[in-house]
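# A structural walkthrough
So you can see what is in the structure, the chains are spelled out below.
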Amino acid sequence: MLSLRNLTIDFGTGQDRVQAVKGINLSIGAGETVALVGESGSGKSVTGMALTRLLPEPPAVYAKGEILFEGQDVLKMGTEELRKLRGGKIAYVFQEPSTSLNPVFTIRNQIAEAIRLHRPEVNDIDSEVVHYLDMVGIVDPAKRISDYPHQLSGGMQQRVMIAMALACQPQLLVADEPTTALDVTVQAQILDQMRELKKRLKMAMLLITHNFGIIGGIADRVVVMFRGDIVEEGTTEEVLRNPQHAYTKALIGCIPQLGQRRKRLVTIDHSILG
Amino acid sequence: MLAYLIRRLFFFVPIVFGVMLLTFVLFFVVQSPEATARRVLGQKATPKSVENWLHNRGYDKPLLINTTPGQPWHDSLFVTQLGRLVTFDLGTSDVSGRPLREIFAQGALPSLLLTVPAFLVSLAVSVALALYLVFIRNAAVDFMATFLCVALMSVPVMVYVIFGQFVVAQVLNYFPAFGFEASGWSAPKFLLLPVALMVVSGLGADVRLFRALFLEEMGQDYIRTARAKGVSKARVLLSHVFKNGLINLITLVVASLPFLIMGSLLLENFFGIPGLGNVLVTAIQAPDFAVVQASVFLGSLMYLGGLLLTDLCYAWADPRIRLG
Amino acid sequence: MKWLDQIWVQNLCLLAGYGLLARLVVWGLRSERWQTAWKHLRRDKLGLVSLCVIGLYLVVGTLESIVLPSASGSVTLLQRLTAGIPQEKSYSAPLATTALSVADPKPLLGRHVLGTDALGRDTLVQTLRATRSALWIGGLTSLIYIPLGVLLGLMAGYYRRWVDDAVQYVYSTVAAVPEILMLVAILMVLGKGLGSMAIALGITGWVGMARLIRGETLRQVERPYIAAAKALGQSDWRILTRHLLPNVMHLVLIKFVLGFSGLVLAEAVLSYLGVGAPVGTASWGTMIDASRSELSREPLVWWNLTASSCALFLMVLALNLFGDSLQRAFDPKRGA
Ligand SMILES: Nc1ncnc2c1ncn2[C@@H]1O[C@H](COP(=O)(O)OP(=O)(O)OP(=O)(O)O)[C@@H](O)[C@H]1O
Ligand SMILES: [Mg+2]
């Protein structure tokens, strides 16, 4: 369904150029869930955003390669096509729910905007909004729809984000660290919810995380990124049981225990990796 | 919200008192009433006439507290001045002897006719231009536009006015370039040029400021969310960026209100519009200290009123404040 | 302010001003932040060009500020250098050979690149001389408002509690009076003159600086290095001057440059309003005021207005552009 070929992404030009993604190849089949794992700054988010050309240009430059979605190159799409792709076929859930929702619009407004854009056939938008809020486990959704984001807890905000992504019935959901900003108990609830939804809706998912601990039971395959490169790839079980690359081993070593929230608990010694 | 506003009002009380103290120190301590009298009455003033002038205005009372036996302690210059300002008794002009309340009331309408349209038009124009600049987001255009804005900012108001008046009145031979009539429909005819000049003179600074503001909004996470939903660029700007930017804009706009007074001050003088600005310029030249003193007090009240209005607008525009 | 007119006072002030500026720049450039900013600035062509323009103005203003004794009391270096340019009777157009008089165009004593004014003085020389007022106002006012604003801002942000309340109260009160009204009121009471103008602008000007520094200090105080300094038992004064001040100094510099342009403009506007530069002091504001009526003369006299407006515009523009460049250099991410 989706495949990246030799994708290279730079930031800036000339002297200040930084290569954030260095010619990676990656594919995701329909209904498949792929986990993209790597430490902070390894280029995961950049890869995820690139799928629909979301990175601000400038400074981002798609230097080389192609992004094929159902045979079409995303990098060659026009504005209208891109708009249909974003949200309609590939939807996103971002890391920080408290800043990712627009503070001055109600939840109804923000979800309805997505539905109106991609599913013009829907007549009763309000009930559709309620339906999706209910699906992601929001209690009493009919009452909640006229709330503003700041009136919800972090966990609820992230559920709203997920509902907004699902409301357009996308083929691929890109979840960029969907639980990092949340409390551990809420993290577990959201992950359970996503696991169940994935089964129910049969859509593909790209789960971006720095945490090997959360991918069990969701991801079919794991892709490990390090400094803009893919260093290891395999089924979740294989990689977890028998990591090949030293970097992966180190990453697995830092699966956080319950009760810990911070990133980068174990510093990785880059010198041993070359 | 109501509680907040009331608290805010209470916060204003010491500030108003501070302003009164400031003007008192400036006009009665730094410059003694005798000196004021001599400057107002001119060279020919006799000691007798100075004394009369001071007595008529009550300026011959003790400065802070009346310690003369047999007289109440509060019969002093400071307390009477304070009492008069609190009751909005602004006194009379040093020069013409007319009540200041009358002078200011007369000047208010022409001033408002000039500043309100100018303010609204310039706000609309600068917001539109700023949004447009954010929309095209092209390095070359950005550079040119920023440069142009800085250039426009660097021209003093009076140069705008002199050149504007010159071009329109002498080269194009078009508008009445001077004077004012508030009656009927002739006011717009007189106001068109000053309003246009006021808009142009503020354009550079405003466009630059608003552009920066909208650009900052563009970098927010929720804009990424909107784009990821497939919202078009124009709609992202006009709905998401605009509404959030507006909230920040409100504070900046009120902060610029005092500049509005400054702009209109010169403009009114140039165009012979008998507004508050003209009253002030005339008072500077006279010199008429009573008018300047009262202007300072009224000006600060207007500013504080503007602050209160900002709070109200803020609450109205931002659900995070409106709903707790 | 009679003592300000003494020859040696003026020259000494000038020397002290430059000394202070050089000292501050040298002190700043020792920090890493200023060095990287300088590296950025060196690549910024527009910034360098505006810096050169500012430098030119500084040279001209300095020439006019160096006072030499002469037979008739005192004369400035610039006056002495331009003493060869003859004074005409009245107006003459740029590069004209005869006076501007329809009835009786007498031949001129010399050529004048930008013509002459009503009193027959060379417009170019007058315009250059007016640089002095602008620079002195900018310099003197900065000497008043920067120390005041920085000190109060630092103290409010560092001590918080009642110190912060007091500082905030004072600046809210000052800010509550619209700036132009405040300036006019102070100047009316103090009378015309460069000194009183600097005082008036200083009284209104420190508010912005104090706000800026207070905000930044509040942020800096949260940083671990302040906690560390406190834990080491360093005195408050030492923390304020050795730790906090260097970390807000770049903001002071940017504000100084941008504020300078505002002061130059304010000087012109106030002089124009008749409460600024005293009679006899060359100032762009008074020149613009005087040349206003010349536009309705027949034949038209445009050069005085154009020269003074352009000189004023160019200086303010250069300062604004350079201030922006500094901002970009110190904070490359934000100042797009
Ligand atoms: N807007 C940008 N401008 C310049 N460089 C950028 C930008 N965005 C990302 N980068 C660069 O791309 C690299 C990869 O960033 P990315 O956000 O993809 O990391 P990540 O793997 O998602 O890390 P995290 O776990 O912190 O989210 C970063 O090291 C950064 O240098
Ligand atoms: Mg990321």
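Because the structure is predicted, anything quoted here is derived from the model rather than measured.

## Some remarks on a nonpolar patch on the surface
A contiguous nonpolar surface patch, about 890 Å² in accessible area, is contributed by Phe-17, Leu-21, Val-25, Val-29, Val-30, Leu-63, Leu-64, Ile-65 and Trp-73 of chain B together with Leu-190 of chain C. It is helix H1 (residues 2–30) of chain B that contributes the most residues to the nonpolar patch, five residues altogether. Take Leu-190 of chain C: its relative accessible area is 37%, and that puts it in the partly exposed class.

## Details of the sheet that holds strand S5 (residues 72–73) of chain A
Residues and elements named next belong to chain A. One open sheet accounts for four strands, arranged S2-S1-S4-S5; its pairing is antiparallel. Single-partner strands in this sheet number two, and they are strand S2 (18–28) and S5. As defined by bridge partners, strand S4 (residues 60–69) adjoins S5 across two bridges and the pair is classed as antiparallel. Residue pairing across strands places Leu-68 opposite Asp-73, the latter belonging to S5.

## Topic: the interface of chain C and chain B
With 41 residues of chain C at the interface, the matching set in chain B holds 50 residues. A combined buried area of about 4000 Å² lies between chain C and chain B, and 79% of that area is made up of carbon and sulfur atoms. For the pair chain C and chain B, the interface holds one salt bridge. Taken together, chain C and chain B are joined by three residue pairs in polar contact (both at pLDDT 80 or more). Those elements that place two or more of their residues in the side of chain C that touches chain B are helix H6 (161–176), helix H7 (179–190), helix H10 (236–273), helix H11 (284–291) and helix H12 (303–330) of chain C. Its residues assigned to classes, the side of chain C that touches chain B shows 31 nonpolar, six polar and four charged.

## Thoughts on helix H8 (residues 194–221) of chain C
The first and last C-alpha atoms of H8 of chain C sit 38 Å apart over 28 residues, in line with the 40 Å expected at 1.5 Å per residue. Where H8 of chain C bends most, the angle comes to about 35 degrees, and this point is Ile-203 of chain C.

## Some words on the environment of Leu-135 of chain C
Residue and element names in this part refer to chain C. Its location among the elements puts Leu-135 in helix H5 (residues 123–159). C-alpha separation for the pair Leu-135 and Thr-62, spaced 73 residues apart in sequence, amounts to 8.7 Å. Apart from residues no more than four positions distant in its own chain, Leu-135 is found in contact with Tyr-57, Leu-58, Gly-61, Phe-260 and Met-315.

## Topic: the environment of Gly-12 of chain A
Residues and elements named next belong to chain A. With respect to the helices and strands, Gly-12 occurs in the loop between strand S1 (2–11) and S2. Distance in space between the C-alpha atoms of Gly-12 and Pro-59 is 4.7 Å, their sequence separation being 47 residues. When near neighbours in sequence (up to four residues on either side) are disregarded, Gly-12 contacts Arg-17, Pro-59 and Val-61.

## Some words on the site of ligand 1
All names here are of chain A. Within the structure, ligand 1 sits among 13 residues, and Ser-40, Gly-41, Ser-45, Val-46 and Glu-177 are positioned closest to it. Between ligand 1 and Ser-42, the relevant distance is 3.2 Å, taken from an oxygen atom to a main-chain nitrogen or oxygen of the residue. In the model, an oxygen atom of ligand 1 is placed 3.0 Å from a nitrogen or oxygen of the Glu-177 side chain. In the complex, the protein chains occlude 64% of the 630 Å² of accessible area that ligand 1 would expose alone. Broken down by element, the shell around ligand 1 gets its largest block of residues, three residues, from helix H1 (residues 44–50). Broken down by class, the residue content of the shell around ligand 1 amounts to four nonpolar, five polar and four charged.

The rules behind these values
Residues numbered from 1 in each chain as written. Chains lettered and ligands numbered in written order. Predicted model: local features only at pLDDT ≥ 70, side-chain atom pairs only at ≥ 80, totals over all residues. Heavy atoms only, no water. Patch = residues over 30% accessible without salt bridge, like charges linked within 9 Å, V, L, I, M, F, W, Y side chains within 5 Å. Areas by Shrake-Rupley, 256 points an atom, 1.4 Å probe, with all protein chains shown as cover. Salt bridge = Lys/Arg side-chain N within 4 Å of Asp/Glu carboxyl O. Helix = DSSP H or I, 4+ residues; strand = E, 2+ residues; numbered from the N terminus. Buried < 20%, exposed > 50% of the residue type's maximum accessible area, 1.4 Å probe, protein only. Pairing = 2+ DSSP bridges. Contact = heavy atoms within 4.5 Å. Buried area = accessible area lost by both parts, 1.4 Å probe. Polar contact = N/O pair within 3.5 Å; in protein donor to acceptor, adjacent residues only side chain to side chain. Nonpolar A, V, L, I, M, F, W, Y, C, P; charged D, E, K, R; others polar. Expected span 1.5 Å × (residues − 1). Bend = angle between axes of the 7 residues up to and from the residue. Near = heavy atom within 4 Å.

Bear in mind that shape data such as this cannot, by itself, settle questions of function.
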